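Fold and geometry: a report
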Amino acid sequence: MADYLPHLYYLSSDNKAELLPEWAYFFMRLGQQLSALPNDNHRVVIGLAVPTRVFACSLIATGIMFTRVGSQSIVNSAQLHFIRNLKPGTPIYVHTDDNRKLRGVIEEFKIVKGEEWIFIRTGKHEVFPRPLSRFASRITVSSSVSSLPEYSGGGYATEIPSMFLQCCLGEELAQTYILDSSFEVLLIGKKSVIEREVSSEFIGCKTSDKVAEIPGCLQEILRVRQFSGANRSYRTQCVSSFNITPEKEIGKQVPPFVIFDGASAYISLGHKWRSAHQIVLLDRTERQVVDAVELLNQNYAYRLAGVSSLSEKIPNGIEMMAYKESI
Amino acid sequence: MTDSLFQEVVTLYEKSVSTTITRHRIEHPALGKFCVSLNNFYSELGDLANEDYWQKFLIPLKRLQFGLCAAPFLKDYRLKRISTIADELQHHLQFCSKLYPDLVGYAFTVLDSLNGLLNASEDPLLDKLLELTSAEQKVAWAIKESRLIPHVEDLVAELNLSKLSIIHPLQLRNLTCYDQLIAIGPSRWFPESVFTAPRAQPN
């Protein structure tokens, strides 16, 4: 899955479905390569000067997501057997992708579409269904007695993955993907502009029989928390570049990747999340682009080393710098 | 899958790959003579240029000089503006021989070169722009100062160029692309992005 990118299409001006252009795949592959880099006490900073910032940040985040979704852990049979034999009501801890520990109790085990699922209650109205075979490694039994508040038993409607997401990830992975929440990428920029981009239904994925394109939007892959309904699972968060206290909105959790969508975003929040890899998108037409380039060059002077493993050919019209920084 | 925003971005990247920038030099002897005499007069004035008396003389001339270099105008408007300024400055200089006897000759040389512009019937800037502008293509003229745009639009209304847009350089920040973009004036007048993130094929 690490190198996997589905064939994605867009509708050209003459109403033909065409593969996404070279620059769009460049952004996605860049995201993939960045997320595949080892994290050895340093972070990678990538600066990109582009003719327009539109769609660049959402496509890079999509590339990151395609790699991250494939890196879900596989469970060994002993752990699976142990978890399967726990009784409903057993207090457990669930380890999330971002190394948080959620407290919960086992509600029940169920067979869904021929697969065994575990339902974990973590709050009065919160039940997380997870496929047991892929999720058991993240469960540890709590030594203390856990008590959760009584709940009314109202429940919620389970989300079904869209055809587009199933086409991109496969049916099985898409089902898990929409149920799991993890904070993979933070987008910083103008929220309304980013929302317009990720919600725009410009993209399509072809089914294996190659008959028709299934339309969709990048939000289905990115699952930006701020643009989804309440209580929906998420993978990405988005904050405004003018938000001087983003922690109030997204918590103290540090995402693995931060994408600064524009010069002002980097200037105002570039000093935060020191352990996260950074991608800085600089639109050449922006007012503050020169200031942002100066700041990036200043930081470049204190680099640890260059990044040689990003072998992607850079399309014409785009300039890129990449370096490693100590955390 | 029918979102025009993505198509606009695709077009923009296509254009930015194939852009060529061509510099066109325009000869306008009468305007050149006026600019040289104005610059010479500045040199003669030295620190006196900051005095109120000379500021009232120089500012209209500098604005006119910039306007004539930055945009094409209707002939009637252009001549009327030059003659109005010439008349006002002639009146302004009536006591100059008593106040600044050493400078009066230089000041009248500037006015003479300004009057020379009134007698020049040709408009090389407009001629070059019309030569470069195709009626079939989506063309934009980028004008440095937005205050000049209404006057240029008055001119364009009489030219029968329906696909021609008159724009300010800041309008080139959006995704609209043109078949041809003509930036009027020296490149230092325009933001760097007009040339590094082009919104047209040949500039």
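Structure shown above.
Reading the values: the criteria
- Residues numbered from 1 in each chain as written.
- Chains lettered and ligands numbered in written order.
- Predicted model: local features only at pLDDT ≥ 70, side-chain atom pairs only at ≥ 80, totals over all residues.
- Heavy atoms only, no water.
- Axes fitted to C-alpha atoms, helices over the stretch in contact; angles between N-to-C directions.
- Helix = DSSP H or I, 4+ residues; strand = E, 2+ residues; numbered from the N terminus.
- Parallel < 35°, antiparallel > 145°, perpendicular 65-115°, else oblique.
- Left-handed = near helix turned anticlockwise from the far one by under 90°.
- Contact = heavy atoms within 4.5 Å.
- Nonpolar A, V, L, I, M, F, W, Y, C, P; charged D, E, K, R; others polar.
- Buried area = accessible area lost by both parts, 1.4 Å probe.
- Salt bridge = Lys/Arg side-chain N within 4 Å of Asp/Glu carboxyl O.

**Examining the packing of helix H2 (residues 29–45) of chain B against helix H6 (residues 104–119) of chain B**
All names here are of chain B. Running from N to C, H2 and H6 cross one another at 165°; their axes reach a closest spacing of 8 Å. Relative to H6, the element H2 is oriented roughly antiparallel. Helix-helix and strand crossings are classified by hand; for H2 and H6 the assignment is left-handed. Listed contacts from H6 to Ala30, Leu31, Lys33, Phe34, Ser37, Leu38, Phe41 and Glu44 of H2 are Tyr106, Ala107, Thr109, Val110, Ser113, Leu114, Gly116 and Leu117. Residue composition of the contact of H2 with H6, grouped by class: 10 nonpolar, four polar and two charged.

**As for the interface of chain A and chain B**
Chain A puts 31 residues into the contact, and the matching count from chain B is 20 residues. Regarding the contact of chain A and chain B, the summed buried area is about 2300 Å², with carbon and sulfur atoms giving 68% of it. Where chain A touches chain B, the interface holds zero salt bridges. Those elements giving two or more residues to the side of chain A that touches chain B turn out to be strand S1 (8–11), helix H1 (22–36), strand S10 (203–206) and strand S11 (213–216) of chain A.

**Focus on the packing of H1(A) against helix H2 (residues 56–69) of chain A**
Residues and elements named next belong to chain A. Packing of H1 against H2 brings their axes to within 7 Å, and their N-to-C directions diverge by 45°. Considering the angle they form, H1 stands oblique to H2. In this structure, the crossing between H1 and H2 has a hand that is right-handed. The segment H1 lies against H2, with Trp23, Ala24, Phe27, Met28, Leu30, Gly31, Gln32, Ser35 and Ala36 engaging Ala56, Leu59, Ile60, Thr62, Gly63, Ile64, Phe66, Thr67 and Arg68. Residues belonging to the contact of H1 with H2 are distributed by class as follows: 11 nonpolar, six polar and one charged.

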